[in-house]
Structure formats: C-alpha cells, structure tokens
Amino acid sequence: MYFNNSLVLFSLFLVIIPVILHFLNLNKVRKIEFSSLMFLKEVKEKKIRKLKIQYLLLMIIRIFLIVIAVLTFSNPVIKTQSYENSPINSSVVLFDNSPGTDVENTESLNKIKSIISEINNIYSSTTNINLYTIDGIIFGRNRGFNFTGTDLSFNPGRTLTSMIKYLVPVENYKSNDLYIISGFYKSDYTDLPVVNYDYYQNYKLHLININEKNKTNISINSITHLNQIPDMNSKQKFEVDVHNYNNFDVFNKRVKLSINNENIFEKVTDIPAMKSVKLLFEVPSQKQSSINGYAEINQDKISDDEITFDNKKYFSINFPKTINIMLVGDSRNNFEYIEKAINIPGESNLANTLFKINYYNSINNNISDVNLIIISGKKSLSKEDIKNLHSFLAKGYGVIIFPETNMEFESYNTFLKEYTSSLNIQSIDNREKVEDKLIITNTDDILVKGIFENNNNEKSEYSETINIKKIMKVVNSNLIPQIIENSEKLGILYKIPANKKGIFLFTLTPDYSMSDFPSKSIFLPLLYRSIFFLSNNFNSYNFIVGNYGIINVNNESFSIPVDTNIAEAGNYNFKDKAISYNIDERESNLTSAEQSEIINFYKNTGFDNIKYYSSPEQFLNYRGKSGSGVNIYYYLLTILFFTLLAEMFYSRRIMKKLKLIKNK
C-alpha cells in the first residue's frame with residue numbers, strides 16, 4: 001500500500017488523546033455525599049469491573065476512529081500485481097485549452113479541475129504526472145491551479161508530436177497512461193493522424209469528452225480585401241463573410257468594420273440557418289502606407305450567440321513604399337514616355353517616393369532588389385536573359401514586354417514557351433487602316449475593371465480613337481486571354497500566366513513608332529495598374545495563431561511564429577509591417593465528432609489501448625483499476641462513518657450505565 005497524501009500520516013500521533021482521556025477518567029475522584037456505608041454493599045464488584053472493561057473498549061474504538069480518519073485522508077492505494085516490480089509510473093495529461101473548449105466558462109473550468117483532481121487521486125506520490133496544454137505550458141502535478149485559454153487551435157497530430165519528449169521511454173515504466181481532456185470537435189480531426197508507434201503503442205489512452213452541450217454560435221469566418229491593385233489612394237473594398245452555425249435563422253445582426261481604430265462602418269443583416277452572408281464594405285482612401293482593422297459582430301442576443309471568441313476577425317494591408325523597376329532595352333530612348341508617365345506627380349507625389357527606376361541593356365542575375373522588369377525596344381533575348389527572367393518570375397514577380405519594330409521573334413518565343421504553347425509571336429505587320437479603336441474584352445478583369453467608370457455610356461468600348469500604323473501579330477489559340485483588342489479582334493494586351501503573377505505582352509510599342517498609344521488617356525492608368533499588379537509588392541500579412549508563415553522585409557525573411565513570438569489574435573506591427581493574427585476559423589464549428597471517428601483516429605496514430613469517456617461524470621464515476629493500484633479511499637470513508645456511529649452509540653451507553661450506578 002502507498003499513500004497519495006503521505007504527510008497526513010503524521011497525524012497518527014493524535015491516537016494518544018483517547019489514551020490520556022481514558023486514564024484521566026479512571027483516576028478521577030468523585031465526591032458523593034451519603035449518610036451510611038450500609039448502601040455500598042448494593043453496588044456489586046462485577047458491575048464496576050464491567051464498566052472498566054467498557055471504558056477500555058471505548059478507548060480502543062476512539063483510537064481506531066483516529067487511525068481510520070488519518071488513513072482515509074492520506075488517500076491510500078493498494079498495490080496490484082502489475083505494480084510490484086514497478087519503481088515508478090508515468091502519467092501524461094493533455095488538456096485542450098483551445099478557444100472551442102471555453103475554459104473561461106466557470107462551469108467548464110470546474111469540471112476540468114475535478115477531472116485533474118481525480119487523475120491525481122488515482123496515482124501514488126511516486127508517479128510521474130505531467131500536465132501539458134496545447135500552448136506548451138507545463139503545469140506539472142498540481143492541485144487547485146487555474147487554467148487560462150489560448151488562441152491556438154487544437155491539432156491532435158501536431159500536438160501529440162510536440163509531446164513526444166514527455167512520453168518517456170516505455171521500458172522504464174510498468175504503467176503508462178495518457179489522458180486527453182477535450183471537446184473532440186469534428187473540425188479537429190480533419191487532418192490525417194501522425195503515426196509514431198514507438199511512443200504510443202504501449203500507452204493506455206483515456207479520452208475524456210467535456211463537450212456536453214451544443215452552444216449557439218455566429219462567427220466571422222473571413223475578411224477578403226477585394227482590391228488587387230495596391231493603390232493606397234483608391235477606394236478600398238472589403239468582403240466580410242458572416243456564418244450562422246445555428247439550426248435557426250437570426251435577424252438584424254449588426255456587423256461593424258473598424259479601420260485603423262478610427263473609422264467605423266456598420267451594416268445590419270439577417271443570416272439563414274447554417275448559411276453564410278457576405279457583406280461588402282467600401283472604404284474611402286486612407287492615404288496611409290498600411291491599414292489594419294477588424295470586423296466584429298455585435299452580440300445583442302446571447303441566446304443566438306453563446307460563443308464570442310470568433311465574433312472578431314483582424315486584417316492588415318501593407319501598400320508598397322518603394323517599387324524598384326528595371327528597364328531593359330537596347331536604348332533608353334525607348335522608355336521616354338514610360339518614364340514620363342510614371343514620373344507625373346499626383347496628389348501623393350508618387351514620383352518622388354514610390355518608383356525607383358534603373359536602366360540596363362541586358363538582364364543580369366543581380367536582380368534581388370527588383371520588383372518589376374519592363375522590356376521595350378530590345379531586339380532579342382540572350383540565353384542568359386531568358387534564364388534570369390525565369391528565375392525572376394519564379395520569385396513571384398511579373399514582367400511587361402513591349403515589342404520592337406525589328407525584333408527577333410524566335411528568342412521571345414523561346415522564353416514564352418516555358419509558360420504557354422498556345423501563343424507565338426509571328427511578325428510585325430503594317431496597317432492599311434490607321435484609325436482604329438481599343439476594346440476591352442473582359443470588363444471584370446482586375447487590370448481594367450472600373451478604368452472607364454466615369455464614361456457616361458458605361459460601355460467596354462474605349463471612347464477615343466487610336467491610330468495604329470504597325471502591330472505585332474500574335475498567333476493565339478484562344479487559351480491566353482486578350483484583355484484589350486482592336487476592332488479587328490487583334491490582341492493589344494495579352495495576360496500570360498507565369499507562377500504567381502505573370503507576363504503582360506503588349507503588341508504596340510510605348511512610343512510613337514507603331515501608334516499614338518502613349519498619348520491616349522488609357523495609357524497612364526493601364527501602365528500604373530500593370531506596375532502595381534505585377535510588382536508583387538502588395539502584402540497582406542494575415543496569419544492563423546500558431547501556424548507557420550513567412551514575412552519578407554528588405555530581402556530578409558522572418559518565420560512566423562518563431563521570430564514574432566506572438567500567440568494571441570490581434571493587430572501588430574513587426575519590422576515596420578502591419579500584421580494580423582486570427583483564431584483558426586475551424587474552431588467555430590463546434591460539431592462533435594463521432595466516438596468511432598475519434599477512436600479510429602487515435603488507433604491509426606498508434607494507440608492500441610483506448611478508453612473513451614463520453615462525459616466528465618462518466619470518468620468521475622469510474623472507479624476501476626489504474627496501472628499502479630486500487631484506490632480504497634471510499635471504502636475507508638465508509639468504515640470511518642460506521643466507526644463514528646459506533647463511538648457515539650457506545651459512549652452514550654456507558655454514560656447511561658454510569659448514571660444508574662450513581663443513583664443506586
């Protein structure tokens with residue numbers, strides 16, 4: 001036998017109290033007044049001897065009562081056969097303190113504490129018990145500690161892998177138990193299990209489900225920034241996805257959008273049961289290099305939304321501060337109108353702060369700082385040029401290509417063949433019909449969407465005429481989209497997919513050698529949009545708490561969350577970049593996983609011995625054997641109760657007999 005609360009055993013010295021009381025009672029002289037000794041003969045000696053024996057028995061009962069009380073509160077456990085040769089036992093408790101567990105709820109917290117206390121009672125004081133939470137805090141063996149929740153989501157496979165250092169070598173232990181206290185939500189078990197038989201197969205796994213009540217919930221699933229052109233001076237559009245997880249409709253829910261903690265925009269919506277509603281917010285230009293904010297549901301009716309951790313979703317946007325542009329051509333004169341166009345100062349004086357331009361005759365491999373390459377007036381591409389262009393595109397940047405009147409098509413087609421086999425540059429054709437029109441073929445494409453929104457006719461056809469003397473003829477099997485074409489359906493601008501961004505291929509030069517394209521009002525906004533879109537300098541650093549990510553700052557890469565050390569949802573500033581952290585939206589789905597689904601997951605992970613408890617009560621009522629012995633606390637408590645009754649009954653009986661003797 002061993003004792004979980006061995007310090008209580010020091011209370012056994014209290015057994016001396018009944019002994020002292022016994023001898024004090026025997027030696028106590030009572031003065032009784034009487035007139036004659038003749039009445040003493042009525043008291044028989046045998047009754048006195050019997051009374052002394054009963055006093056002795058009462059002392060023994062009281063000693064036994066104290067011993068039983070001390071043993072009971074020392075929480076003894078009887079060794080089982082499996083424990084005889086075991087020097088120590090191992091027990092690991094994994095507590096899921098993710099948002100869905102709702103640790104902040106008093107009722108939930110009390111149940112969790114009861115479970116931990118019961119686990120402590122099962123084992124001896126020599127048992128090695130570690131408490132492990134999903135945010136990596138180790139509490140050790142403790143009684144009466146307070147738990148705090150985390151914004152990390154519960155991923156069973158990932159969490160168990162990170163716990164391996166606590167699952168000590170099995171051969172050193174006769175008893176190895178792992179307890180997982182969780183809500184066991186279906187969304188937590190969508191990933192494949194991580195198999196590790198060496199550590200798991202000899203552990204007894206106890207799964208304790210604390211998810212007893214289906215709670216109502218409305219959440220913000222996502223915020224999408226719809227502007228794909230990173231222009232801080234433009235109107236910003238946000239789409240907020242609000243989801244109703246309840247099996248009933250909800251009405252008049254207020255959703256607000258906060259920008260830079262200053263501007264608040266609000267909308268009211270109804271949400272059908274088990275459906276999502278997308279709300280569009282149009283925000284005026286903030287004219288700042290970064291935007292951070294959040295969308296939030298106003299919890300006006302608790303019965304509709306008992307879960308609050310997912311009522312708020314954060315976002316951040318970083319506009320480019322500098323765009324490094326490499327101009328590549330045989331002569332810088334080919335870029336005269338491009339340079340004039342991007343150096344026209346506007347309201348924000350972009351020419352002085354945003355664009356940094358460098359000119360080269362060829363594309364060298366020193367392009368680590370370059371955000372965009374514009375090729376114009378270059379007769380041919382060398383093998384080195386093509387190699388460096390491929391490397392540049394692989395980094396997620398884009399390239400703009402303008403033709404040259406005497407260009408060698410083969411080198412350009414060799415370069416483009418890496419990304420498309422359906423498009424070939426064929427020739428430079430002279431045009432008999434000089435006057436023409438520009439037509440937008442897809443008004444929904446981000447490059448041209450809204451570019452003519454001030455036109456009264458609101459048509460996709462460009463209202464100005466254009467004089468085209470020459471045009472680069474391209475053979476296209478209609479797989480590559482033509483964003484702009486002329487009246488004869490000859491492509492003016494092709495959008496070729498290439499890695500993250502792509503290649504914009506124009507069939508007109510940016511000077512007057514082929515047309516008067518540079519003088520048209522479409523030239524400047526089209527050039528600006530192309531530069532912003534392809535420069536890949538538009539960063540929206542939105543991360544899930546606990547998930548890995550990368551932040552690029554000045555050609556340096558920083559790992560999330562290692563370098564930031566952030567573990568709570570919110571808006572932050574890191575290395576002069578606005579970043580946001582959010583709770584995984586899967587935490588909002590509180591649908592319980594099926595018992596068979598949970599058990600199969602852990603079996604596939606490598607556990608052979610699994611016991612599932614559907615509720616805290618079922619576990620607390622479990623009084624079976626643990627790997628280290630049988631707990632006899634409740635048996636001793638019962639004996640203590642009946643011993644106390646016996647002491648009370650016997651002491652009263654002696655007092656009655658003593659009174660009878662006195663009265664005789």
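The numbering scheme is per chain: residues are counted from 1 as the chain's sequence reads. Residue-level local features of this predicted model are given only where pLDDT is at least 70; pairs of side-chain atoms are given and counted only at 80 or more, and the full residue set underlies all totals for whole chains, interfaces and linings. Only hydrogens and water are removed before side-chain values are computed, so all heavy atoms of the structure are retained for them.

Would you mind going over the nonpolar core with me for this structure?
As a rule of thumb, nonpolar side chains are buried together in soluble globular proteins. Take the buried Ala, Val, Leu, Ile, Met, Phe, Trp, Tyr and Cys residues and link them wherever side-chain atoms come within 4.5 Å; each set so joined is a nonpolar core. A 1.4 Å probe rolled over the protein chains alone gives each residue an accessible area, and that area as a share of the maximum for its type sets the label: buried under 20%, exposed over 50%, partly exposed in between. Counting residues in each nonpolar core, the largest one holds 41 residues, and the members touching the most others are Ile374, Ile484, Phe517 and Leu526. Under the DSSP-based scheme used, a helix requires at least four consecutive residues in state H or I and a strand at least two consecutive residues in state E, with every element numbered from the N terminus. The greatest single-element share of this core, amounting to 8 residues, is contributed by helix α10 (residues 523-534).

What's the story with the pattern of salt bridges in this structure? I'm lost.
Opposite charge on two side chains makes pairing possible when the charged atoms of those side chains draw close. Here, a salt bridge means any Lys or Arg side-chain nitrogen found within 4 Å of an Asp or Glu carboxyl oxygen. One pass over the structure, following the stated rule, counts 17 salt bridges. A salt bridge links Lys278 to Asp241; the shortest N-O distance between them is 3.0 Å. Taken as a pair, Lys278 in strand β11 (residues 276-283) and Asp241 in strand β8 (residues 236-244) lie far apart in primary sequence, 37 residues in all. A salt bridge links Lys253 to Asp300, with the nearest nitrogen and oxygen atoms 3.0 Å apart. Highlighted residues: Lys253 in strand β9 (residues 250-259) and Asp300 in the loop between β12 (290-297) and β13 (312-318), separated in sequence by 47 residues. A relative accessible area of 3% means that Lys253 is categorised as buried. One salt-bridge network, in which partners are shared between bridges, spans Lys253, Asp300 and Asp304.

What's the story with helix α8 (residues 383-394) in this structure? I'm lost.
Because an α-helix packs 3.6 residues into every turn, residues spaced three or four apart end up facing the same way. In this analysis, the expected span of each helix is defined as 1.5 Å times one less than the number of residues it contains. For α8, built from 12 residues, the straight-helix expectation of 16 Å at 1.5 Å per residue is met to within 8% by its first-to-last C-alpha distance of 17 Å. For α8, the elements touching its buried residues are β16 (372-375), β17 (398-401), α9 (409-416) and β24 (502-506). Downstream of α8 by a residue or two, Gly396 has a phi angle that is positive, lying close to 100°. Only heavy atoms matter for contacts: two residues are in contact if any of them lie within 4.5 Å across the pair.

Is there a simple way to think about a nonpolar patch on the surface in this case?
Residues qualify for a patch when their relative accessible area is over 30% and they have no salt bridge, like charges being joined within 9 Å and the nonpolar side chains of Val, Leu, Ile, Met, Phe, Trp and Tyr within 5 Å. Per-residue and other accessible areas were derived by the Shrake-Rupley procedure at a 1.4 Å probe size, with only the shown protein chains allowed to occlude residues. Together, Phe13, Leu14, Ile16, Ile17, Ile20, Leu21 and Leu24 make up an exposed nonpolar region whose accessible area comes to about 650 Å². The topology assignment puts Ile17 in helix α1 (residues 16-27). Taking relative accessible area as the criterion, Ile17 reaches 42% and is therefore assigned partly exposed.

Would you explain the sheet that holds β13 in this entry?
Strand pairing in a sheet takes place through backbone hydrogen bonds and is either antiparallel or parallel in direction. Between any two strands, at least two bridges found by DSSP are needed for them to pair. With antiparallel pairing, 4 strands are arranged side by side in an open sheet as β10-β9-β12-β13. Single-partner strands in this sheet number two, and they are β10 (263-271) and β13. Neighbour-to-neighbour, the strand axes of this sheet turn through a mean angle of 20°, independent of strand direction. Of the strand pairs in this sheet, β12 and β13 are connected by 7 bridges, and their pairing is antiparallel. Note that in β13 the partner of Glu296 across the bridge is Lys312. Lines fitted to the C-alpha atoms define the axes, with helices restricted to the stretch that makes contact. Angles between their N-to-C directions range from 0 to 180 degrees.

Is there a simple way to explain the packing of aromatic side chains in this structure?
Between two aromatic rings, the relevant description is the distance of the centres plus the angle of the planes. Aromatic rings from Phe, Tyr and Trp, taking only the six-membered ring of Trp, are treated as a pair when their centres fall within 6.5 Å; an angle between ring planes under 30 degrees marks them as stacked, one over 60 as edge-to-face, and anything in between as tilted. Per the stated rule, a full pass over the model turns up 25 aromatic pairs. Residues Phe355 and Tyr528 carry aromatic rings whose centres are separated by 5.7 Å and whose planes lie at 80° to one another, so their mutual orientation is edge-to-face. Remark: Tyr528 occurs in helix α10 and Phe355 occurs in strand β15 (residues 355-360); sequence separation between them is 173 residues. Across the pair, exposure class does not vary: Phe355 and Tyr528 are buried alike. Here Phe355 and Phe532 contribute two aromatic rings whose centre-to-centre distance is 6.3 Å and whose plane-to-plane angle is 50°, an arrangement assigned as tilted. Taken as a pair, Phe355 in strand β15 and Phe532 in helix α10 lie far apart in primary sequence, 177 residues in all. For Phe355, a relative accessible area of 9% corresponds to the buried category. With relative accessibility at 4%, the residue Phe532 sits in the buried group. Aromatic ring contacts, followed pair by pair, group Phe184, Tyr189, Phe601, Tyr602, Phe607 and Tyr612 into a single cluster.

Just to check I follow, could you spell out the pairing of strand β23 (residues 491-496) for this structure?
The two faces of a sheet get side chains in turn, since along a regular strand they alternate between them. Most of β23 is tucked away, with 6 of its 6 residues classed as buried. Examined bridge by bridge, strand β22 (residues 482-486) and β23 share 3 bridges and lie antiparallel to one another. For Glu485, the partnering residue across the bridge sits in β23 and is Gly491. Adjacent in sequence and paired antiparallel, β22 and β23 are bridged by 4 residues, among which Lys489 carries a positive phi angle near 65°. As judged from the 4 bridges shared by β23 and β24, these two strands associate in the antiparallel manner. Across the sheet, the residue bridging to Leu493 is Phe506, located in β24. As consecutive antiparallel partners, β23 and β24 are separated by 5 residues, and within that stretch Asn499 has a phi angle of approximately 60°, a positive value.

By themselves, these observations are geometric and do not establish any function.
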